[in-house]
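Secondary and tertiary structure notes
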Amino acid sequence: MFKRIPGTKDILPGEIEFWQKIAQTSRTIFKVHNYHEICPPLIEEAALFNRSLGEATEIIRKQMFIIKKEQDTYALRPEGTASVVRAYIENNLDKDPGFVKLYYMGSMFRCERPQKGRQREFHHIGCEAIGSYGPEIDIEIIALADNLLTAYPIKGYRLIINSLGCAKDKNELNSLLKERLKDKTGELCEDCKVRYGQNILRVLDCKNESCREIVEQLDIADSYLCPECKGHFNKVKKGLDILKIKYEVSPNLVRGLDYYTRTVFEIKHPDLGPQQDALGAGGRYDNLVKELGGPETGAIGFAFGVERLLLAQGQIQLDKLEDLVYIITLGDPARDKGLELLQGLRKAGIPSDTDYENRSLKGAMRKANDLGAKFVLIIGEDELKEASVTLKDMAKSTQEKISQAKLIDRIKSSP
Ligand code: HAM
């Protein structure tokens, strides 16, 4: 028997309704903020991600699913930002007036060690606003993330923000860290020993206890930020204050991807556990569009992990399911009439189904009950002769005979 690949999941009926609810709510909220959906391919040239995320990042070093085909090397996308920026440039979206606000939903792939809230195929709901350096759009993006969580609804999350500064400030931070950690490399965890040489910023957000203790004592705060980047960050914080969005500033929030500059943020939730507690994350990437061959322009975005939204889902309530009409027919002639009525109900947009298995009346009624049908419609010999149906209201335990011609109106008019 074949089994699914570790770190992937079958999303079955019963759970999929929560996914649908999250997708629907997201679409509504994105629309309210004037974001438009984009659907880039799941597979891209691997070099796109190497260039965007950075050769030294964990995703590129260890986690990409690579497919080699003759001369070409493709990758299943590990995230959406690089693809959206590629699509923005390739389709000349920069020629549109004003800046471009896009959102996306779909599978991402990272070859990680599977555990709760960490899969190899997982799903992002994300957005990217490309074309502005202004702090107002940082505020909009963070407010949008907050509005999405309120709409799902998910409560009890924490918003953590930081500024990495411009490319020059990031270099400054790198040098500062190299200098301050120089004598402490022996005390760092094995991963951070590698990070010290390749991607030193990530030492700052290592979850290992001894690394955290070392980081606590570094006392770097925002000393590496130039006056412009400090000013930008102050405006972002002021905007969040005006919108009464609560946040914590953490100088240790650095994010795992190279493209980030200036504002970065993460949204954490206690239900996810200490190892992967981020519901979502994002930030500015002011150099990426140019880096990938586009115009010089600012951009910012974020993505939620849908699996993690669902782990905090205790609070997400499903809308009432559509009411189902279940048709039970007794005998062959009634069966033909049943098929005709079923088609009529469906064409009228009324969710309906029938018993295809020739069950007894009792068995078919049990099935209707299991399906949670609101109405059961019975057609036997008498009903056939009278061109009527027996309509049972399952919740009220009442039944009435009505003419077949009035059936659709009768069902549509029921509360
Ligand atoms: P990221 O932090 O790598 O950012 O991923 C965003 C979110 O995806 C995480 O906060 C987490 O909820 C979820 N996630 C990541 N990896 C996994 C996994 N293996 N299993 C389950 N969930 C996972 C990005 O990908 C950026 N592209 C976000 C962004 C958009 N920045 C700017 N624009």
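Residues numbered from 1 in each chain as written. Predicted model: local features only at pLDDT ≥ 70, side-chain atom pairs only at ≥ 80, totals over all residues. Heavy atoms only, no water.

As for the domain arrangement of the protein
Selection rule: An automatic or database domain assignment provides the domain bounds reported here.
Looking at the assigned domains, one finds that the protein contains domain 1 (16-166 + 226-312) and domain 2 (325-412). Domain 1 and domain 2 are separated by 49 Å when their C-alpha centres are compared.

Regarding the site of the ligand
Applied cut-off: For this description, a residue counts as near a given molecule or strand if any of its non-hydrogen atoms is within 4 Å of it. Residues adjacent in sequence count toward polar contacts only when both atoms are side-chain atoms; beyond that, a polar contact is any pair of N or O atoms within 3.5 Å, and within protein one must be able to donate a hydrogen and the other to accept it. Accessible areas in this description were obtained via Shrake-Rupley with a 1.4 Å probe; residue shielding takes into account the shown protein chains only. Secondary structure counts use DSSP, requiring at least four H or I residues in a row for a helix and at least two E residues in a row for a strand, with both numbered from the N terminus. Note on residue classes: Ala, Val, Leu, Ile, Met, Phe, Trp, Tyr, Cys and Pro are nonpolar, Asp, Glu, Lys and Arg are charged, and everything else, Gly too, is polar.
Contacts to the ligand come from 27 residues, most closely from E79, E112, Q119, R255 and Y260. At a separation of 3.4 Å, a nitrogen atom of the ligand approaches a polar backbone atom of G301. About the coverage of the ligand: the protein hides 96% of its 660 Å² of free accessible area. Broken down by secondary-structure element, the contributors of at least two residues to the shell around the ligand are β6 (121-130), β10 (278-284) and β11 (299-305). Here the element with the most residues in the shell around the ligand is β10; it accounts for 6 residues. In the shell around the ligand, the residues fall into 11 nonpolar, 9 polar and 7 charged.

Digging into the packing of aromatic side chains
Our working definition: Centre distance within 6.5 Å is the pairing criterion for rings of Phe, Tyr and Trp, where only the six-membered ring of Trp is used; planes under 30 degrees apart are then read as stacked, over 60 as edge-to-face, and the remainder as tilted. Exposure categories follow from relative accessible area, calculated using a 1.4 Å probe and restricted to protein chains: below 20% of the type maximum is buried, above 50% is exposed, and the middle band is partly exposed. In this analysis the charged atom, NZ for Lys or CZ for Arg, is taken to sit over a ring once it is within 6 Å of the ring centre and within 35 degrees of the ring normal.
In the structure shown here, the tally under the stated rule is 7 aromatic pairs. Here F30 and Y35 contribute two aromatic rings whose centre-to-centre distance is 6.2 Å and whose plane-to-plane angle is 45°, an arrangement assigned as tilted. Y35 matches F30 in its accessibility class, with the two residues each being buried. Between F30 and Y103, the ring centres sit 4.3 Å apart and the planes meet at 10°, which makes this aromatic pair stacked. Of the two residues, F30 sits in helix α1 (residues 16-32) while Y103 sits in strand β5 (residues 100-109), which places them 73 residues apart along the sequence. The same class applies to F30 as to Y103, namely buried. Every member of this aromatic cluster is reached through a ring pair, and the members are Y152, F265, F302 and F304. A cation over a ring is seen here: K178 above Y196, with NZ or CZ 5.4 Å from the ring centre.

Quick word on the side chain of E58
Stated precisely, the cut-off is as follows: The contact criterion used throughout is that any non-hydrogen atoms of two residues lie within 4.5 Å.
By the secondary structure assignment, E58 is in helix α3 (residues 58-63). Here R195 takes part through its side chain, which lies 3.1 Å from a polar atom of the side chain of E58. Dropping the residues within four chain positions of it, E58 is found in contact with Q63 and R195.

Re the nonpolar core
Here is a general trend for soluble globular proteins: nonpolar side chains tend to be buried in one another's company. We apply this condition: What makes a nonpolar core is a set of buried Ala, Val, Leu, Ile, Met, Phe, Trp, Tyr and Cys residues whose side-chain atoms join them at distances within 4.5 Å.
One finds F49, I130, L177 and L181 to be the most contacted residues of the largest nonpolar core, which totals 57 residues. Per-element tally for this core: the top contributor is helix α4 (residues 81-90), with 6 residues. Not counting residues within four places of it along the chain, the set of residues in contact with I130 comprises V84, V85, Y88, F99, V100, Y285, V289, T297, G298 and A299. Residues L148, V236, I267 and F304 belong to the second largest nonpolar core, which totals 40 residues.

Topic: a nonpolar patch on the surface
The test is simple: Like charges within 9 Å and nonpolar side chains (Val, Leu, Ile, Met, Phe, Trp, Tyr) within 5 Å are joined into patches, using only residues over 30% in relative accessible area that form no salt bridge. Basic side-chain nitrogens of Lys or Arg form a salt bridge, by our definition, when they fall within 4 Å of a carboxyl oxygen of Asp or Glu.
A surface patch of nonpolar side chains, about 220 Å² in accessible area, is lined by L42, I43 and I67. Checked against the element boundaries, I43 lands in strand β2 (residues 43-45).

Some remarks on the sheet that holds strand β12 (residues 325-329)
Selection criterion: Two strands are counted as paired when DSSP detects at least two bridges linking them. The angle between two axes is taken between their N-to-C directions and runs from 0 to 180 degrees, where each axis is a line fitted to C-alpha atoms and a helix contributes only its stretch in contact.
Read from one edge of the open sheet, 5 strands run β13-β12-β14-β15-β16, paired in mixed fashion. Of all strands in the sheet, those bounded by a partner on one side alone are β13 (352-354) and β16 (398-403). Averaged over all pairs of adjacent strands, the angle between their axes in this sheet comes to 25°, without regard to strand direction. Helix α12 (residues 332-347) contacts β12, β13, β14 (375-379) and β15 (388-393) of the sheet and is inclined by roughly 165° relative to β12. Along the sheet, helix α13 (residues 361-370) contacts β12, β14 and β15; its crossing angle with β12, the most-contacted strand, is approximately 170°.

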